[in-house]
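Spelled out from the first residue to the last, the chains are:
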Amino acid sequence: MFIDIDCHQVKKYNQNAFGDYFVSKRYPDEGKLIAVLSDGLGSGIKANILSCMTATMLLKFVEKEEIPIRHAAEIVMNSLPVCQVRKISYSTFSVIDVNDEGVARIIEEGNPEFLWIKNGEVMTPTYDTIQSKTFKNRCMKSYKIHLELGDRLIFCSDGVTQCGLGNGKLKLGLRREGLIELVLNKLKEEPDISSSDLSEYIIRQTENIETNRLPKDDISACVLYFREPRTSLIFTGPPFNQKNDAEYAQLFKDFKGKKAICGGTTANLISRELNRPITMDNQISIGKLPSCSYMEGVDLVTEGILTLTETLERLEAGNWDIDNAAGKLIEFLLDSDCINFMVGAKLNQAHYNPALPVEIEIRKNIIRKMAAVLQDKYFKKVNIQFM
Amino acid sequence: MEKISVKVCLGTTCFVMGSANLQELIEIVPRKYGDKVDVSGVPCLGLCATDWEFSKAPYVKVDNDVIKEATVDKVIAAIDAKLKK
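The rules behind these values
- Residues numbered from 1 in each chain as written.
- Chains lettered and ligands numbered in written order.
- Predicted model: local features only at pLDDT ≥ 70, side-chain atom pairs only at ≥ 80, totals over all residues.
- Pairing = 2+ DSSP bridges.
- Helix = DSSP H or I, 4+ residues; strand = E, 2+ residues; numbered from the N terminus.
- Axes fitted to C-alpha atoms, helices over the stretch in contact; angles between N-to-C directions.
- Contact = placed C-beta atoms within 7 Å.

**Q** Go over the pairing of strand β6 (residues 115–118) of chain A, please, and point to the residues and values.
**A** All names here are of chain A. Two elements, β6 and strand β10 (residues 152–156), share three bridges in a ladder whose sense is antiparallel. Note that in β10 the partner of Trp116 across the bridge is Leu153. Looking at chain direction, β6 and strand β7 (residues 121–122) are connected through two bridges and run antiparallel. Note that in β7 the partner of Lys118 across the bridge is Glu121. Between the end of β6 and the start of β7, which pair antiparallel, lie two residues, with Asn119 showing a positive phi angle near 45°.

Quick look at the structure:
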């Protein structure tokens, strides 16, 4: 089971920093994921610092597994200082620790209750209440639930449930009921919507509800969706030992999922071994990258290093609105959950000729960096096989 | 008469060494020679890897003849020579 997770946020109107903080990390070796959403008191820089500290500390506590999640959350709850002005705690949080089997431990303190949606219905999980020993008005809810394929979890900051507060239509704001209606209607319309699209949809809707579309609080929505992973394979670079070409070509052929080839020599290798002709797009490529080619049974064929380099740059910058081979490769990558790279270790000496007008990176390094970005920034599962 | 085939290498080395500009051929050649000549880009001719010590990229193949350090003029001249034969 794959956990598709994403979070969208907007800032409070007139502020220049987000007061909610979302952080998530995948642990491919342990097959689990931890995510934290924290809402700092107030708004702007102050809230940003408070929520950021709470969220990152919780993540660090939980990931080490030296203390159980419940204990970790309790420590944070008990140690959060009290605001001098408002006499309430400095930040609220929700933390989830979930594995690939769907066993999830969730702790909430102060944030609106999360939504658990199964087959178009909202579930009501049981929970334990843990009272803070140091502060009377603080308590947290601890859940242990078992998720199945198709389930969704939605976490949000109170900016979502309280949006529109006081305006003509919604005197008490959107509230939980309003959010449920919004989400269930959207799911009826688009049952397979991705977490990224759903969280963005929630944020856009809440913005629309606010008077003059000006959010009066920081708004965050984090969505988790448990589904079959979409797998893909990217074959780049010829294998170190040419004797293995046939074997790797066969592996490529047998892979179930989407396939891409990045590299002219690699494309030729697959074409030769699998006896599939390559045709090149005759559109003239403008700018820095050669255009794509086509091969039967392969979803995308691009040039190698230059395209990979630009793809990496754009993934890092979060800017992929471009109609070239790198744009297509980014679309391919972001459309997958589990990405497998088959990376040939053979170097082409000609690439390291000092006379070349551009510097050409070593393939291995680019792929390693790309894997890190895909994991950390885009929450993908990445597997690299060098050959 | 058989068509002449022109293959412009658009592999990494050739591309950075100037074959990006050779793509002009995809427009120029049909205009000049009609359907006597077929021109297309190819992912890689594999020549830079074998000939790297003397790195003569970009490479273009006109039928089976390799043109090293290709330019639009060199390729056009090679096509003309072929057609005269």
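From this point, the narrative continues.
**Q** I'd love a proper account of the sheet that holds strand β4 (residues 65–67) of chain B, names of residues and values included.
**A** All names here are of chain B. As summarised here, the arrangement of the four strands in space is β2-β1-β3-β4, forming an open sheet in which the pairing is mixed. Two strands in the sheet have a free side with no partner beyond their single neighbour: β2 (37–42) and β4. Mean inter-strand twist for the sheet, computed between neighbouring axes without regard to direction, equals 20°. Where strand β3 (residues 60–62) and β4 come together, three bridges link them in antiparallel fashion. When the bridges of β4 are listed, Val62 appears paired with Asp65. Docked against the sheet, helix α2 (residues 25–33) engages β1 (4–9) and β2, running at close to 175° with respect to β2. Relative to β3, helix α4 (residues 72–84) is tilted by about 10°, and along the sheet it contacts β1, β2, β3 and β4.

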